[in-house]
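Descriptive structure summary
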Amino acid sequence: MAIAAARIRYRQLPRPLPLPRHLSSLTSPPITVPDKELSDSPSGSGSGSAPDTERLFSSVRTRSLVSSLGNLYLMGFDPLVDAATAVMRSRAVMGSRVGRELVNRAVRATVYKHFCAGETVEEVGRAVRELWGRGMRGILDYGMEDADDGVSCDRNLAGFQRAVQMASQLPPTSASVCIKITALCPISLLEKMSDLLRWNEKDPSFDLPWKANSFPILSRSSPLYLTPSMPEPLTDAEEHELRLAHQRLTQLCKQCAEANLMLLVDAEYASVQPAIDYFTYLAALQFNREQPLVYGTLQAYLRDAKERLVKMVQAAEMEGMSIGIKLVRGAYLTRETQLASSLGVPSPIHRSIQETHSCYNDCASFLLEKVRQGSGAVVLATHNVKSGQIAAAKAEELGIAKDDQKLQFAQLKGMADGLSLGLNNAGFQVNKYLPFGPVDQVIPYLLRRAEENRGFLSTSATDRQLISKELMRRLKTAVLGRI
């Protein structure tokens, strides 16, 4: 009873979206990626040399640099972030037509413009084409909340389908699409399915009549404590909703296959992740036969990450197919820690950030080996300069071509732009995550980003220093040019 009560209380917590961990910057030459060019010290102190900001930001307009610098300073000022967050959460303000409109205008002109690609199809298209013109790609992320019922699932499906249609009309390979299973299947069903999958891992003789062949999604080191007792089977109505959710995902996969678009599936929190992985890799088995189309997401801050990764890749190799993985550090540290604490069990997350870094780099190296062998594809979603350095060096060591579509990097729009530009200058395939949608709809996403990234925005000055240095260089050049 105590565990059940703790989980009920925990479900009432806000569900944050996947967000970046540590953000850094990277510069690199056009062919090789030597250690000295991967400095995260803009001033040139430390182990690396001072980055060439003229070359790094050669494709970025001065106006954009000024805007980015202003937003980064604003978001690094905690009192301002606290005040803005309180206003956006205020019922009195947001419940008023005038107050809501004023907030939306302020958000649209600042954090929304910095982090998001736009509200309309035209705005998103311009953002992707701008990236494409600079040698980078866009990952379209239609901002929406988790679904509670079939009606909201169908509404979300329509939104995702519009994103796929939009991406299909852009230059070939310039865009891909990211989705959330929590938007296509009711949360309550995902939680129950996850309970059943965890119990099946504990007791393989436990029958799940609805379960189809999929890759291994759990291991003995997974947080199986979330299911302390045998759960009730799915009802007929729940099995029907499960089939509908699978049909929604299949529709999206078919649409992406016809348009030759990658479909990346976001990871969520541990209470629903087994069901998310089940849906994801069931789709991968169907659509990844000729080339990777569906990419699942692995969170390296989980202690079972490497073990699960190895099991999934081995299963894919036995099927004679190439598995697609988006590798991230993870975004739910506070949530997972709170849940484990409330249940009186160890956290499923590594004990230190150093262990998380090691796990990420180890998983990345493992996946790069699979890319070279032709049995894997990876999107390395990282904002950590050292991880970028290690992965780039490993790829070159293995002889992976920089135009190989099975190796890509990714960062969020408005974050770690130095890293993105540096990898791009080195010749690697680089993506920027592009959240989009109406401001009202995306505000919860922005609120969570502000809360999750408070530590980085207030303590890491790398990108601010890089941009400041380049703006000062441009100012000096303009002044000297007039003398």
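Everything in this summary refers to the structure shown in the same document. (Residues numbered from 1 in each chain as written. Predicted model: local features only at pLDDT ≥ 70, side-chain atom pairs only at ≥ 80, totals over all residues. Heavy atoms only, no water.)

**Observations regarding the layout of surface pockets**
- In this structure, the largest pocket occupies an estimated 1,100 Å³ of space.
- If you trace the largest pocket, you find 38 residues lining it, with Ser64, Lys113, Cys116, Glu130 and Lys413 closest to the centre.
- Sorting the residues of the lining of the largest pocket by element identifies α3 (62-75), α7 (111-115), α8 (121-133), α17 (417-425), β8 (430-436) and α20 (462-482) as the ones contributing at least two each.
- Looking at the lining of the largest pocket element by element, the count peaks at 7 residues for α3.
- Counted by class, the lining of the largest pocket contains 15 nonpolar, 10 polar and 13 charged residues.
- Put simply, the second largest pocket is a space of about 490 Å³.
- Lining the second largest pocket are 20 residues, and of these Asn260, Leu261, Met262, Gln291 and Pro292 sit closest to its centre.
- Secondary-structure elements contributing two or more residues to the lining of the second largest pocket are β2 (175-179) and α12 (273-287).
- Its residues assigned to classes, the lining of the second largest pocket shows 8 nonpolar, 8 polar and 4 charged. (1 Å grid on protein atoms, 1.4 Å probe; cavity = no way out; pocket = protein on both sides within 12 Å on 5 of 7 lines; lining within 4 Å. Points joined across faces, edges and corners; volume = space filled by probe spheres on them. Helix = DSSP H or I, 4+ residues; strand = E, 2+ residues; numbered from the N terminus. Nonpolar A, V, L, I, M, F, W, Y, C, P; charged D, E, K, R; others polar.)

**As for a nonpolar patch on the surface**
- Together, Met472, Leu475 and Val479 line one region of the surface with nonpolar side chains, adding up to about 270 Å² of accessible area.
- Position of Val479 among the secondary structure elements: in helix α20. (Patch = residues over 30% accessible without salt bridge, like charges linked within 9 Å, V, L, I, M, F, W, Y side chains within 5 Å. Areas by Shrake-Rupley, 256 points an atom, 1.4 Å probe, with all protein chains shown as cover. Salt bridge = Lys/Arg side-chain N within 4 Å of Asp/Glu carboxyl O.)

**A word on the state of the cysteines**
- Considering all chains together, one arrives at 0 disulfides under this definition.
- The closest cysteine sulfur to the non-disulfide-bonded Cys253 is located on Cys256, 6.7 Å from its own sulfur.
- We classify Cys253 as buried; its relative accessible area is 0%.
- Judged by relative accessible area, which is 0%, Cys256 ranks as buried. (Disulfide = S-S within 2.5 Å. Buried < 20%, exposed > 50% of the residue type's maximum accessible area, 1.4 Å probe, protein only.)

**Describing the packing of aromatic side chains**
- Taken as a whole, this structure holds 6 aromatic pairs when the rule is applied.
- Summarising the aromatic geometry, the rings of Tyr142 and Phe436 are spaced 5.1 Å apart at their centres and angled 45° between planes, so their arrangement reads as tilted. Pair noted here: Tyr142 is in strand β1 (residues 137-142) and Phe436 is in strand β8, with a separation of 294 residues, a long-range link. Both residues of the pair, Tyr142 and Phe436, belong to the buried class.
- Measuring from centroid to centroid gives 5.5 Å for Phe409 and Phe428, while their planes differ by 75°, and the two rings are edge-to-face. Taken together, the positions of Phe409 in strand β7 (residues 407-412) and Phe428 in the loop between α17 and β8 put the pair 19 residues apart, joining distant regions of the chain.
- Under the relative-accessibility criterion, Phe409 is labelled buried at 1%.
- A relative accessible area of 3% means that Phe428 is categorised as buried.
- The aromatic ring of Tyr269 is capped on one face by Arg335, whose charged end is 4.3 Å from the ring centroid. (Phe/Tyr/Trp six-rings, centres within 6.5 Å; stacked < 30°, edge-to-face > 60°. Lys NZ or Arg CZ within 6 Å of the ring centre and 35° of its normal.)

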